[in-house]
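# Residue-level structural notes
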Amino acid sequence: MTTSIKQLPDNEQVLSGNGSCGGCPSPMALRIVGKALGPNAIMLLTPSCAVASMGMTPRLAYNWPCINVCFATAGSSASGIAQAVEILKEKGRLQGELPTVFNWVGDGGTYDIGFQALSAAAERNDNIIHFCYNNEAYSNTGVQRSGATPRGSFTTTTPGGKRQPKKNMALLMLEHDIPYVATATVAYPGDLYDKVVKAKSIPGMKYIEILAPCYLGWQFDMPDTVQMSRMAVRSGAWLLWEAENGKISFNNPSSFIVSGIKDADPVDEYVMKQGRFNRLLKGPDAAQRIAEIQGDIDRQIAFMRERAKITI
Amino acid sequence: MKEARVIMDTGAHAAALAVKSARVDVVPGYPITPQSSIMEAVAAMVENGELDARFIPVEGEHSTLAAAVAAAAAGARVFTATSSNGLLYMHEVLHMAAGGRLPVVMCNVNRGIFAPWTLWADQQDSFAQRDTGWIQYHCSSNQEVFNTILQAFRVAEQINIPVMVNFDGFTISHCLMPLTLPPQEDIDRFLPPHKPEWRLDPAHPSSFSNVTNAAEYAPFRQMLSSDIMASIPLVKQAAQEYKDITGMWDGDTIDAYRLEDAEVVAFAVNSMAAELRLSIDILREQGIKAGLLRLRLYLPFPADDIVSALPQNAQVMVLDRNYNFGHPGGILAAELKSVLFGRRSDITVKNRVMGIGGVDLTRRYMAAEIRAMMDE
C-alpha cells in the first residue's frame, strides 16, 4: 500500500526560502526525499539548478551538510565520502549511525557528463543513493539538449526539434546489477517517499530517477508542474517502476498501462500542452512528428514489459 | 627505543611505505605507467591488513581526485598518485581541491606528456599545474620521496592546502636505492592524527564549494593566495622537525651543494639534480668553482631563499627538463629570472633545455653542458 501524502512525516529538510523558479519540481521532490532520509545524511550536488538555488554562501536552504563537486564526478565523489565515513566509523573517529550519502543531480550530471563516474560507482556497488531529477534538458544553462531530451523536443541547441530518442537511463543503471533502481515523479509523492525509504534500508548502490517537469524548458504554465508530471505518467511517456535485485515491478498507474488493463492516454494532449513540442507541430508534418513521439513511447512500454519478464 | 631499518627499495614502493606510515584512511587509485606500482603496493597493503584504509579502484584520474577530495571533505586523511596525462586529466579537480581547501597529498611520477607518446621523465606535467593552487615538492631520491610524503601531510593539514610530491618516472620510481625507515613511533610523533577543522557533518549542516557573490569569492581566492605563500615557513619547520626526530635532511625549500664559494651554480629539480652533484665534483676537479642549488619546493617558489642563497656575481646555469612554450628555454629559468629581477642584478642567468622525455642525463654530459654555457 503506497503511503498517502497525509501520512508523510512532518520533518522538513528543505528549508523555506530558496532560489528556485516558481513551480520548480526539484525542491518539491527533494522535500519528499528529505522526509524519507531524515537529517542524518550528506548531500552532493553538481553544477545545476539545485546548486544555483541552494542559497548563496554562507546561506543554505538544504538542512544537510552539502558539497558541490565537479560536474562529471557525482559517482566518484559520493564513493569517496561513503568510503571515508565507513572507515572513520570503523576507526572510532566518527560516532553514531552512518549517514546516508546521496547525490542530487540533474540529467546532465547523470546521463551525459556524469555517466562514466556513475557507471563506475554502480559497478563498485558503493553505498550511496544517486537521485537524478530529470527535467529532460540543461535547464540551468538556458535549456540545451541532453541525453534525456525526448525526440521532437525543442531546446536552444535543437532549434528544429531533437531528432533522436532519449536514453533509458534507469534501465542502463539496472543493467549494472545494482540492488535497487526506481523511477518516480512529483505527482506521486507517496510512491517517491516509499521508494526512498526502501533505498535507504538497502546497502550498496541505489539509483532513483525523478521526472521533473520544468516550466521554463518544457514551456507550460508555472502552476501546472504536478499536472504535467501526472500527464507524463498517464500517457506512458514516463513509467513508474522499481527493481529490487534486478526484478522489475511496475507501480500504479504505470502497472495498469504496461499490463494492458488500462490504455495509456494518447500522447497528443500531453505534447500539445508543452511549448517545447507544440511550437514544432504547426507545420504539415505535425501528424508524422506526433506519431514518432507516440512510437517511442509505445516501443519503450513494450520493451519494458518484456524486460520485466526476465527475472533470472 | 626502536632502531631505524634500512632496506633496498624502489621510489614507488618507498611512496607506498610512506602512505602506510602516515596511517592514511582513504586511497582512490587508477593505473598509469610509471605510477601504477604505488597503487598496486597500496592495494596489496589494504588487502592484507597492513594498512587500515579503504582503497577505491576508480575508473579514471578525474574520478581519482574527485573521490580523494570528497573523502577529505568527509574528514579522512587521503592519498593518491598519478603521472603525466593522468595529472592533466585531473586538472579541473586540482583547482577544486585547492579552492575547496582540502588537504589531499598526491604523488605525481613525472613523465613527459602526450603527444607524441613517451613513457619517460620530464617535468612538463607537474609544471603545467603551476596555477592550480597546489603546493609542489620535487624529489631527487627514493629516501626523499618517503620523507617528503610525511612532511607533505603535515603541511597540507596545517594550512588546508593540497600538496603534490613529484619525482621522476623510472629513474626514481623503479630504481632500487637504500631506504631508511624510521620507527613508527617517531613518525607518529612527527605526524599527529588528522583532526580537520571542519568536515561534512550532519550534526552541523553547512555548504562546501557553494555559489558565492564576488564579495565572497574574491576573499576566498585572496586567502588561498596568501596562505600558499604562508606555507613556506611550515615547509621549513616540517623539514627541520623531521630532521630533529629522524636525523634525515633533504633540504627544505631548497637544497644546496658546494654552493658557498661557487661562481657557477647549476639550478635544477628532481633526479637530474642528484646526478648534478657528481657533475659539480667533475667541474671542481677541473678547477671551476661550481655549486648546485636544487629547488625542492617549486610552488610556492621560494624567492627569498633563492635570492639569499646565491653567491655574489654567480653565473646560474638553469637546466630545464621542460619547455616554456612561447618563450625561449624552460620554465624554471623564467621563474628564476622573475624572482631575481630588481633584487640581484649581480647574477647572470643562462638556460638549457635537456633530458626531455627521458633523454639520459649523465654527470659528464651535464658537466660538459655547464662548461659550454660558461663560454656563451
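Residues numbered from 1 in each chain as written. Chains lettered and ligands numbered in written order. Predicted model: local features only at pLDDT ≥ 70, side-chain atom pairs only at ≥ 80, totals over all residues.

## Quick notes on the overall build of chain A
Secondary structure assignment for chain A yields 13 helices and eight strands. In terms of C-alpha radius of gyration, chain A reaches 19 Å, essentially the compact-globule figure of 20 Å for 312 residues. Counting only C-alpha atoms and orienting by the principal axes, one finds that chain A spans roughly 70 × 45 × 40 Å. In chain A, which comprises 312 residues, the proportion classed as buried is 54%. Restricting the contact set of chain A to residue pairs at least 6 apart, pairs at least 24 apart contribute 68%. (Helix = DSSP H or I, 4+ residues; strand = E, 2+ residues; numbered from the N terminus. Rg over C-alpha atoms; globule rule 2.2 N^0.38 Å. Buried ≥ 20, exposed ≤ 12 C-beta atoms within 10 Å, placed from the backbone. Contact = placed C-beta atoms within 7 Å.)

## A look at the sheet that holds strand β13 (residues 297-299) of chain B
Residue and element names in this part refer to chain B. Spatially, the five strands line up as an open sheet ordered β4-β5-β7-β6-β13, and their pairing is mixed. Whereas interior strands pair on both sides, the edge strands pair on one side only; in this sheet they are β4 (79-82) and β13. Neighbouring strand axes in the sheet, compared pairwise and without regard to direction, differ in orientation by 25° on average. Where β4 and strand β5 (residues 105-110) come together, four bridges link them in parallel fashion. When the bridges of β5 are listed, Ala81 appears paired with Cys107. (Pairing = 2+ DSSP bridges. Axes fitted to C-alpha atoms, helices over the stretch in contact; angles between N-to-C directions.)

## Here we look at the pairing of strand β6 (residues 135-138) of chain B
All names here are of chain B. Where burial is concerned, the two faces of β6 agree: the one with Ile135 and Tyr137 and the one with Gln136 and His138 are both buried. In terms of strand pairing, β6 meets strand β7 (residues 163-168) through four bridges, oriented parallel. Across the sheet, the residue bridging to Gln136 is Met164, located in β7. The β-α-β motif built from β6, the intervening helix α7 (residues 142-159) and the parallel element β7 has right-handed crossover chirality. Here β6 runs beside β13; their pairing, made up of two bridges, is antiparallel. Bridging from a neighbouring strand, Gln136 pairs with Leu299 of β13. (Right-handed = clockwise from strand over helix to strand, strands pointing away.)

## Observations concerning the domain arrangement of chain B
How big an interface is tends to be reported as the loss of accessible area on association of its parts. Residues and elements named next belong to chain B. For chain B, the assigned domains read domain 1 (5-246) and domain 2 (254-374). When each unit is reduced to the centre of its C-alpha atoms, the spacing between domain 1 and domain 2 is 27 Å. In this assembly, 26 residues from domain 1 lie in contact with 21 residues from domain 2. Taken together, the elements giving at least two residues each to the side of domain 1 that touches domain 2 come down to α6 (124-127), β6, β7 and α9 (214-246). (Domains from an automatic or database assignment.)

## Focus on the interface of chain B and chain A
Facing the 38 residues of chain B at the interface are 36 residues of chain A. Breaking the side of chain B that touches chain A down by element, the ones donating at least two residues are β2 (26-29), β3 (54-57), α3 (61-73), α5 (91-99) and β9 (207-208) of chain B. The element best represented in the side of chain B that touches chain A is α3 of chain B, accounting for eight residues. When grouped by side-chain class, the residues that make up the side of chain B that touches chain A number 20 nonpolar, 11 polar and seven charged. Here strand β2 (residues 66-68) of chain A pairs with β9 of chain B via two bridges, running parallel. Bridging from a neighbouring strand, Ile67 of chain A pairs with Phe208 of chain B of β9 of chain B. (Nonpolar A, V, L, I, M, F, W, Y, C, P; charged D, E, K, R; others polar.)

## Some thoughts on unusual backbone geometry
Thr33 of chain B connects to Pro34 of chain B through a cis peptide bond whose omega is 0°. Position of Pro34 of chain B among the secondary structure elements: in the loop between β2 and α2 (36-47). For the bond running from Leu299 of chain B to Pro300 of chain B, omega is 0°, close enough to zero to count as cis. With respect to the element layout, Pro300 of chain B can be found in the loop between β13 and α11 (303-309). For Val143 of chain A, which is not a glycine, the phi torsion comes out positive at approximately 65°. Here Val143 of chain A shows up in the loop between β4 (129-134) and α6 (169-174). On the basis of neighbour counts, which here come to 24 C-beta atoms within 10 Å, the residue Val143 of chain A falls in the buried class. If you check the backbone angles, Ser84 of chain B has positive phi at about 45° while not being a glycine. Relative to the helices and strands, Ser84 of chain B is located in helix α4 (residues 84-89).

## Description of the environment of Gln219 of chain A
Residues and elements named next belong to chain A. Locating Gln219 in the fold gives a position in the loop between α8 (215-218) and α9 (225-234). Here Gln219 falls in the partly exposed class, since 17 other C-beta atoms lie within 10 Å of it. Separated by 65 residues in sequence, Gln219 and Phe154 place their C-alpha atoms 9.9 Å apart. Each residue touching Gln219, except ones within four places of it in the same chain, is listed here: Gln274, Gly275 and Arg276.

## Notes on α3 of chain B
Residue and element names in this part refer to chain B. Along its 13 residues, α3 runs 18 Å from first to last C-alpha, staying within 8% of the 18 Å computed at 1.5 Å per residue. With 13 of 13 residues buried, α3 is to be regarded as a mostly interior element. Residue Gly75 follows α3 closely and has a positive phi angle near 105°. (Expected span 1.5 Å × (residues − 1).)

## Things to note about the nonpolar core
Within the largest apolar cluster, 216 residues are counted, with the highest numbers of intra-cluster contacts made by Ile81 of chain A together with Val69 and Ile149 of chain B. Ranked by the residues each element gives to this core, the list is headed by α3 of chain B, at nine residues. Residue contributions to this core reach at least three from each of two domains, namely domain 1 (5-246) and domain 2 (254-374) of chain B. Those residues in contact with Ile81 of chain A that lie beyond four places of it in its chain are Ile42, Leu44 and Val101 of chain A together with Ala70, Ala71, Ala74 and Leu200 of chain B. (Core = buried A, V, L, I, M, F, W, Y, C linked by C-beta atoms within 7 Å.)

## Regarding the sheet that holds strand β12 (residues 290-295) of chain B
The pairing of strands in a sheet happens through backbone hydrogen bonds and is either parallel or antiparallel. Residues and elements named next belong to chain B. Ordered by their spatial adjacency, five strands build an open sheet running β10-β12-β11-β14-β15, and the pairing between neighbours is mixed. Each having just a single partner strand, β10 (254-257) and β15 (348-353) make up the two edges of the open sheet. The mean inter-strand angle of the sheet, taken between neighbouring strand axes irrespective of direction, is 20°. Alignment of strand β11 (residues 264-268) against β12, held across five bridges, turns out to be parallel.

## A look at the packing of helix α3 (residues 74-90) of chain A against α3 of chain B
Orientation of α3 of chain A relative to α3 of chain B, taken along the N-to-C sense of each, is 40°, at an axis distance of 7 Å. If you check the angle between α3 of chain A and α3 of chain B, you find them oblique. Crossing handedness for the pair α3 of chain A and α3 of chain B: right-handed. Residues Ser76, Ser77, Ser79, Gly80, Ile81, Gln83 and Ala84 of chain A of α3 of chain A touch α3 of chain B, and the partners they reach there are Ser63, Ala66, Ala67, Ala68, Ala70 and Ala71 of chain B. Classifying every residue of the contact of α3 of chain A with α3 of chain B gives seven nonpolar, six polar and no charged. (Parallel < 35°, antiparallel > 145°, perpendicular 65-115°, else oblique. Left-handed = near helix turned anticlockwise from the far one by under 90°.)

## Side note on the environment of Glu242 of chain A
All names here are of chain A. In this structure, Glu242 sits in strand β7 (residues 241-244). A tally of 22 C-beta atoms within 10 Å means that Glu242 is categorised as buried. Once the C-alpha coordinates of Glu242 and Ile129 are considered, the two residues, 113 residues apart in sequence, prove to be 14 Å apart. When sequence neighbours within four positions are dropped, the list of residues in contact with Glu242 reads Val181, Ala182, Lys195, Ser249 and Asn251.

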